[in-house]
Amino acid sequence: MRVLMIFIDGFGLGERDETKNPYVRARTPTLDRLLGGHCLYQDVGIVVGPLAVMLPTDTTLGVPGLPQSATGQTTLWTGINAAQVVGYHVNAYPTKTLRELLSSHSIFKVVTERGKKATFANAFRPQYFELAAQGKARNSTSTQATLSAGLPLRTFDDLAAGNAIYQDITNELLRLWGFDLPLIEPELAGTRLARIADDYDFTLFEYFQSDRAGHRGDLKRGMEIIELLDRFLGAVIAETNLSQSLIIVTSDHGNLEDISVETHTLNPVPTILIQENIVANYPVITSLTQINDYVLQVIDRA
């Protein structure tokens, strides 16, 4: 069984308050159809919809303070409670201890050691490879997880050929930065991601403009991002054989759901499972620590 993980940085379950939660007014026909309504809120509990299940997932990891990206993502991609290992929540780039956890236990490493195929679908700018060649690149958690398994990172050549997705989905940022790449619709990007994932047992796509919009407190931009993601997800689903693949949408901490604060939040995040018959037999997932093991169990199914 194949697994495609769509990771949305900083996307939590917020209040039904349109002044601070951009999801309230965002148009999300794909998610509404999957879950049986506009229901990604902190007060709804588990949602069992017609075509998917949403499991509210704790990101605090039993450690005081606001959840942060490096420890949350390390936990997601290793199944180890990274915040408890280091004793606090680590923001941004992984520390030496977190890099060691990823190098030994990342899902990419485990999947490939089991004789299966894994890939990171994001494309990287040429500047990253230049810095990496000079030993100056700072690797994000997802990048470290990929490289720990000896897997290649996708390039602009892959992006131009339709074999990678840039982190903003549409290439808009690349065009603003002067790169000669076409602007694409989220539906085309979603179709491409599904086709990439069809060749691998585990595929990760990472989107983090959601976290940036949350930090900026930009309600309008937050709505635009949620609607873009909904269109993107709709195309991924349309192009995926859900009898042979699981799509899992999750996050590392809350942020975008409450633009009244510039920090992350203590809110749970939605873990959305999309697969044929998932509503009849879904797992118990209440914490980020449980997602990695579940993904590996699904991949090991015949």
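You'll find the structure just up there.
Fair warning: this is a prediction, and the values are worked out from it, not measured in the lab.

### As for the sheet that holds strand β1 (residues 2-8)
In step 1: Taken in spatial order, the 7 strands line up as β2-β3-β7-β6-β1-β5-β4 in an open sheet, and their pairing is mixed. Taken across any chain shown, the strands that pair with only one partner, and hence form the sheet edges, are β2 (47-48) and β4 (118-120).
In step 2: Strands in contact with helix α10 (residues 186-197) are β1, β4 and β5 (202-207); relative to β1, the strand with the most contacts, it is inclined by about 140°.
In step 3: The strands touched by helix α12 (residues 219-238) are β1, β5, β6 (245-250) and β7 (269-274); relative to β1, the strand with the most contacts, the crossing angle is about 175°.

### Thoughts on a nonpolar patch on the surface
In step 1: Together, I46, V48 and Y282 make up a nonpolar patch on the protein surface, roughly 260 Å² of accessible area in all.
In step 2: Given the relative accessible area of 43%, V48 is considered partly exposed.

### Concerning the pattern of salt bridges
When their charged atoms lie close together, side chains carrying opposite charge are able to pair.
In step 1: With the rule as written, the count across this model stands at 12 salt bridges.
In step 2: A salt bridge links E113 to K109, with the shortest nitrogen-to-oxygen separation between them at 3.2 Å. Taken together, the residues span about one helical turn, with E113 and K109 both in helix α5 (residues 107-113) at a distance of 4 residues.
In step 3: The closest approach of N and O atoms between R221 and E224, which form a salt bridge, is 3.6 Å.

### Observations concerning the side chain of T74
In step 1: Tracing the sequence through the fold places T74 in helix α2 (residues 69-78).
In step 2: T74 sits in the buried class, given a relative accessible area of 0%.
In step 3: Those residues in contact with T74 that sit more than four places away from it in its chain are G79, I80, A82, L98, L101, L102 and T141.

### Looking at the pairing of strand β3 (residues 52-57)
In step 1: Within β3, 5 of the 6 residues are buried, leaving the element largely enclosed by the surrounding structure.
In step 2: Relative to β3, β2 is paired through 2 bridges, and the arrangement is antiparallel. Bridge assignment links V48 to a residue of β3, and that residue is V53.
In step 3: Taking the residues that link successive antiparallel strands as the turn, the β2-β3 hairpin has 3 residues.
In step 4: The pairing of β3 with β7 spans 6 bridges and is classified as antiparallel. If you follow P56 over to β7, its bridge partner there is P270.

How each quantity is defined
Residues numbered from 1 in each chain as written. Predicted model: local features only at pLDDT ≥ 70, side-chain atom pairs only at ≥ 80, totals over all residues. Heavy atoms only, no water. Pairing = 2+ DSSP bridges. Helix = DSSP H or I, 4+ residues; strand = E, 2+ residues; numbered from the N terminus. Contact = heavy atoms within 4.5 Å. Axes fitted to C-alpha atoms, helices over the stretch in contact; angles between N-to-C directions. Patch = residues over 30% accessible without salt bridge, like charges linked within 9 Å, V, L, I, M, F, W, Y side chains within 5 Å. Areas by Shrake-Rupley, 256 points an atom, 1.4 Å probe, with all protein chains shown as cover. Salt bridge = Lys/Arg side-chain N within 4 Å of Asp/Glu carboxyl O. Buried < 20%, exposed > 50% of the residue type's maximum accessible area, 1.4 Å probe, protein only.

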